Amino acid sequence: MAQFRQMFQEKYMRFPGGLSKAVTFSYDDGVRADKKLLAIMDRYGLKCTFNLNSQLFDCREWHDRMDEEETFSAFSGTAHEVALHGARHIYLDKVPLPEAIREVALNRDWLEHKFGRIVNGMAYAYNGFNDRIKAVLAELGVKYARTTKSTYSFALPQDFLEWDPTVHHNDPALAELVRKFVSRSPEEEFKHREPWLLYVWGHSYEFDDDDNWDVIEGAARSLGGRGDVWAATNGEVCDYVRAYRSLVFSLDGERAFNPSCMPVWLEIRGAMHKIPAGGTVVFGGD
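Residues numbered from 1 in each chain as written. Predicted model: local features only at pLDDT ≥ 70, side-chain atom pairs only at ≥ 80, totals over all residues. Heavy atoms only, no water.

Novice: Summarise the environment of A135; cite the residues concerned and give the values.
Specialist: If you trace the backbone, A135 turns up in helix α4 (residues 131–139). As a C-alpha pair, A135 and D67 span 68 residues in sequence and 32 Å in three-dimensional space. (Helix = DSSP H or I, 4+ residues; strand = E, 2+ residues; numbered from the N terminus.)

Below, the structure written as structure tokens:
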């Protein structure tokens, strides 16, 4: 007799270790207040992506930006990610295309040579982008780019070159989103069991301007050190989701091959499966 399984036949991505929730942060401009934010992230075991310009160093009148060596000292050797924000923080969609290309290429070239690592994530300065810019970024090897449009949801992006975050830290909705994120989980849902990602963004100088460092301290305290949440940089989330989405399934859905270079986790019918890099797993249906 056929068993009634309905939605339990669906396959759900899980984060490393089989976790169903992840949190990531994104902060722009490379300002001196980033140092205090770094300390908070480290204190609670969280990870952040810092989006840096490369031709605005030591511009103190513009939110107290760090100089070149201060920037390198702050972010090098940490668990956090450095990413692109344009060389000069201009609207990419309001300049001739060759200038936009140069803006991103110079920014990437400087960051990669300075930090000695591949830098291929980004946040759009002024949220300035369009489909043409997205196509250019793909050609320049940029794997993701963050917008400033809040989704107020924990959904993963379909298009990483138009990655809408969950919420800005100054949004009144932050507290309720954090409360829901830590107190509930996708496993409680009967049907919609997709993984949750909480993505918070902003500028650390805003905490000084608004005298509200307690906002990020409180959120970090709630989110950090939890065994049920994967704390990751933007780039780590992007790489992992892309690896999962590259899985190749058999026609009956009961076998999966992982062509990527990292293991991924998948849940089906209440069972967790780790699919190793380059490996194949059989789930064992009826």
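Novice: Pulling in residues and values, what's your account of helix α3 (residues 97–115)?
Specialist: For α3, which comprises 19 residues, the first-to-last C-alpha distance of 27 Å matches the rise-based estimate of 27 Å (1.5 Å per residue) to within 8%. When α3 is considered as a whole, its buried residues turn out to be L97, A100, E103, V104, N107, R108, W110, L111 and F115. Where α3 is buried, its residues touch β3 (48–52), α2 (68–75), β4 (81–84), β5 (121–123) and α4. (Expected span 1.5 Å × (residues − 1). Buried < 20%, exposed > 50% of the residue type's maximum accessible area, 1.4 Å probe, protein only. Contact = heavy atoms within 4.5 Å.)

Novice: So what's going on with the sheet that holds strand β1 (residues 11–14)? Which residues, and what values?
Specialist: With antiparallel pairing, three strands are arranged side by side in an open sheet as β1-β12-β13. Two strands bound the open sheet, and with one partner strand each, they are β1 and β13 (271–275). Direction aside, neighbouring strands of the sheet carry axes that sit 30° apart on average. When strand β12 (residues 264–268) meets β13, the two strands line up antiparallel, connected through five bridges. What sits directly across from I268, in β13, is A271. (Pairing = 2+ DSSP bridges. Axes fitted to C-alpha atoms, helices over the stretch in contact; angles between N-to-C directions.)

Novice: Tell me about the environment of L156, residues and numbers included.
Specialist: One can find L156 in the loop between β6 (144–146) and β7 (167–168). Along the primary structure L156 and S204 are separated by 48 residues, whereas in three dimensions their C-alpha atoms are 24 Å apart. Beyond its immediate chain neighbours, meaning those up to four positions away, L156 contacts M13, F15, P195, L197, V241 and R245.

Novice: Help me get a handle on the packing of helix α1 (residues 34–43) against helix α7 (residues 213–223), residues and values and all.
Specialist: Following both chains from N to C, one finds α1 and α7 inclined at 20°, their axes separated by 9 Å at the closest point. Put simply, α1 runs roughly parallel to α7. For the crossing formed where α1 meets α7, the hand is right-handed. Facing K36, L37, I40, M41 and R43 of α1, the residues of α7 in contact are W213, I216, E217 and A220. When grouped by side-chain class, the residues that make up the contact of α1 with α7 number six nonpolar, no polar and three charged. (Parallel < 35°, antiparallel > 145°, perpendicular 65-115°, else oblique. Left-handed = near helix turned anticlockwise from the far one by under 90°. Nonpolar A, V, L, I, M, F, W, Y, C, P; charged D, E, K, R; others polar.)

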